[in-house]
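Chain residues, written in single-letter form:
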Amino acid sequence: MQRSQNLEKLQSQSFDLLVIGGGATGAGIALDAATRGLSVALVERDDFASGTSSKSTKLIHGGVRYLEQAVKGLDKGQLNLVKDALKERAILIKNAPHLSRPLALLTPLYKPFQKSYFKIGLKMYDWLAGKSNLFPSRSVSAKEALRIFPMLKSKHLKGGVIYADGQFDDARMNVAIAMTALEEGAVVVNYVEVLALIHEQEKLVGAQLQDRFSKKKFEVRAKVIINATGPFVDKVRKMDDPQTEAILKASSGVHIILDKKFSPPDTGLLIPKTEDGRVLFLLPWLGHTLAGTTDNPAKIVDDPKASEEDIRYILRHLELYYEQPIARKEVLSAWCGLRPLVSNPKAVDTARLSRDHIIQISKSGLLTITGGKWTTYRKMALDAVNQAVKLGKLKEAGASKTETTRLVGGRFYKNSLRQELAEQYGFTDTVAHHLSLAYGGRAADVAILAKMGHETLLATNHPYLEAEVLYALKNEMAQCALDVLARRTRLAFLDHQATLIALPRVIELMAKELSWSEARQDEERKNVLEYLR
């Protein structure tokens, strides 16, 4: 199995880089370093994308709100952040065409002056994107806005503006980055925890690690150690220096999932200003409707939960724009993610903290990268590896190649794949569509497993197959039921009731493959139930 082989390598080798954290940034760093010819190991305490990186708004975007802040505040830093993000948006869509796509976003306008204001702003957004622009923004009449979004309130509707951004499957993208790093030669292992950092003559030289399953402890040596643990960077920084001051704040982003009837399949809705000045999105996503997000100061905890207050906050603001209110019972699932924000005591609230990233190097040589956002993960990784090369005097490192590196599944993806899967393997169009988007050029591998007796759906009305459980174990380093239900498939994010239906069969399949004891199976059930609570 992939994980056991990598665990052996981790215990027997030393490395140029040891990356702590398997979210988007950490996985991106491992990929960037591996493609430059560096020896790199990545360890993740839980699963890839088990934290912030699976709980985004699923948008690959420059940030319309950040552009507004940049213009109003004459903030060149924010403007550069938008420009970088727009460039990275195009790169991400090109390198993972199966997991990402352009998406039209409609902003409905109910006041006469708004049309000119937003039209000018979005034309600036187009201009900043340059050749990377997905398609030009445009104004629409009230009649066309209602044709696109029939559920909008028609009273006082003056029209709207439509612009382009990207959408993606964040957790599967994270897994694809990690697996691509693995194929490029990185040693990538989940469920390995850093217990302590090792110093010699006041310089950082390695880490004490523990396999969370076997409980075996061991040491790994590296020339440079990179702290890419998202909201938990200060915890690792304190391992390096207990007296160091925190550099991070966090905000909570809550999202809810509704039925697909609440959004058209190819257009999202941007609500430009809520009662407390934030933006709210309503988006088609994986055959459902995603709505969010909140932006509240939050404590940094392992598994944040969506509060009832936040769920109703989202529903209340949707009600302001919809002809009919959306009942609480329509919410199929909800989740909460933590955003790592670089601390700024002058900021009034977390919504005004910059999403730009920083790199900090401690006296002992711990390189910490934090802040930023999903869209710019690749540039963050590139910047971190550039600094690590200087810090570790890694003269053998080549230039970064990730701007043109296709991710796993993207290398052999083609638009005709959906039809080919349906015709060659006899899948329904819904299943064929899902497999083509989730696995891209690797979809045939899943299809072959399905035809070997695992073609049954895990839950009715969802396209996930039993074969995907086996594929996740063999090819994507899944170790726990939640790895499969929440991140290799997205069932736990889409529909809590369907997840409960699928759970027994997922555990049965995994128990057989991984030789789980009855006690382990009970533990897996408990963990999933707690996650859904």
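Residues numbered from 1 in each chain as written. Predicted model: local features only at pLDDT ≥ 70, side-chain atom pairs only at ≥ 80, totals over all residues. Heavy atoms only, no water.

J.: With reference to specific residues and values, describe the packing of aromatic side chains.
T.: Evaluation of the coordinates by the stated rule reveals nine aromatic pairs. Taken together, a centroid distance of 5.6 Å and an interplanar angle of 70° make the contact between Trp374 and Tyr377 edge-to-face. For Tyr377, a relative accessible area of 6% gives the class buried. Members of the aromatic cluster, connected to one another through ring pairs, are Phe168, Trp374 and Tyr377. Of note, Arg172 hangs over the ring of Tyr439, and the distance from its end group to the ring centre comes to 4.4 Å. Between the NZ or CZ atom of Lys451 and the centre of the ring of Phe427, over which it lies, the distance is 5.2 Å. (Phe/Tyr/Trp six-rings, centres within 6.5 Å; stacked < 30°, edge-to-face > 60°. Buried < 20%, exposed > 50% of the residue type's maximum accessible area, 1.4 Å probe, protein only. Lys NZ or Arg CZ within 6 Å of the ring centre and 35° of its normal.)

J.: Describe the environment of Gln114, with residues and values.
T.: Relative to the assigned elements, Gln114 resides in helix 5 (residues 114-129). The spacing of Gln114 and Lys158 is 44 residues in sequence and 9.0 Å in space, taken between C-alpha atoms. (Helix = DSSP H or I, 4+ residues; strand = E, 2+ residues; numbered from the N terminus.)

J.: Could you give an account of the pattern of salt bridges, naming the residues involved and the relevant values?
T.: Considering all chains together, one arrives at 39 salt bridges under this definition. Measuring nitrogen to oxygen at the nearest pair gives 2.7 Å for the salt bridge that ties Arg36 to Asp32. On the basis of relative accessible area, Arg36 is assigned to the buried category, the value being 7%. For Asp32, a relative accessible area of 0% translates into the label buried. One salt bridge in this structure joins Arg411 and Glu184, with 3.5 Å as the shortest N-O distance. Separated by 227 residues along the polypeptide, Arg411 in the loop between helix 10 (377-392) and helix 11 (417-425) and Glu184 in the loop between helix 7 (170-183) and strand 7 (187-190) bring together distant segments of the chain. Judged by relative accessible area, Arg411 falls into the partly exposed class, the value being 33%. Classification of Glu184 as partly exposed rests on a relative accessible area of 34%. Three or more residues are tied together by salt bridges with common partners; here these are Arg45, Asp46, Arg212 and Asp302. (Salt bridge = Lys/Arg side-chain N within 4 Å of Asp/Glu carboxyl O.)

J.: Please give an account of the side chain of His434 that cites residues and values.
T.: Take His434: it is sitting in helix 12 (residues 429-439). Given a relative accessible area of 13%, His434 falls into the buried group. Those residues in contact with His434, other than ones at most four positions away along the chain, are Tyr439, Pro463, Tyr464 and Glu468. (Contact = heavy atoms within 4.5 Å.)

J.: Kindly report on the environment of Gly268, identifying the contributing residues and their values.
T.: Structurally, the position occupied by Gly268 is in strand 12 (residues 267-271). The class of Gly268 is buried, set by a relative accessible area of 0%. With 154 residues separating them in the primary sequence, Gly268 and Ala422 have C-alpha atoms 28 Å apart. If sequence neighbours within four positions are ignored, Gly268 has contacts with Leu103, Ala104, Leu105, Leu106, Phe149, Leu282, Leu283 and Pro284.

J.: An account of the pairing of strand 14 (residues 288-292) is needed here, citing residue identities and associated values.
T.: Most of strand 14 sits inside the fold, with five of its five residues counted as buried. Burial of strand 14 is two-sided: the residues His288, Leu290 and Gly292 facing one way and the residues Thr289 and Ala291 facing the other way are all buried. Two elements, strand 11 (residues 248-258) and strand 14, share four bridges in a ladder whose sense is antiparallel. The residue bridging Ile256 from the neighbouring strand is Ala291, located in strand 14. Where strand 13 (residues 280-285) lies against strand 14, five bridges are found, and the strand directions are antiparallel. Residue pairing across strands places Phe281 opposite Gly292, the latter belonging to strand 14. Here strand 13 hands over to strand 14 after two residues, with Leu286 in that stretch at a positive phi of 50°. (Pairing = 2+ DSSP bridges.)

J.: Help me get a handle on helix 2 (residues 24-35), residues and values and all.
T.: Spanning 12 residues, helix 2 covers 16 Å between terminal C-alpha atoms, matching the ideal 16 Å at 1.5 Å per step. Within helix 2, 12 of the 12 residues are buried, leaving the element largely enclosed by the surrounding structure. Taken together, the buried positions of helix 2 are Ala24, Thr25, Gly26, Ala27, Gly28, Ile29, Ala30, Leu31, Asp32, Ala33, Ala34 and Thr35. Backbone geometry just after helix 2 places Gly37 at a positive phi near 90°. (Expected span 1.5 Å × (residues − 1).)

J.: Can you lay out the packing of helix 2 against helix 7 for me, pointing to particular residues and giving the numbers?
T.: Closest axis-to-axis distance for the helix 2/helix 7 pair is 8 Å, and the angle between their directions is 25°. Here helix 2 is positioned roughly parallel relative to helix 7, judged by the angle of their axes. Where helix 2 crosses over helix 7, the two elements pack in a sense that is left-handed. Contacts between helix 2 and helix 7 pair Ala24, Ala27, Gly28, Ala30, Leu31 and Ala34 from the former with Asn174, Ile177, Ala178, Thr180 and Ala181 from the latter. (Axes fitted to C-alpha atoms, helices over the stretch in contact; angles between N-to-C directions. Parallel < 35°, antiparallel > 145°, perpendicular 65-115°, else oblique. Left-handed = near helix turned anticlockwise from the far one by under 90°.)

J.: Tell me about the environment of Gln5, and name the residues and values.
T.: As for its placement among the helices and strands, Gln5 is situated in helix 1 (residues 2-12). Note on Gln5: relative accessible area 49%, which makes it partly exposed. A sequence separation of 378 residues divides Gln5 from Asp383, and the C-alpha atoms of the two residues are 30 Å apart.

All we've got here are geometric facts, nothing functional implied.
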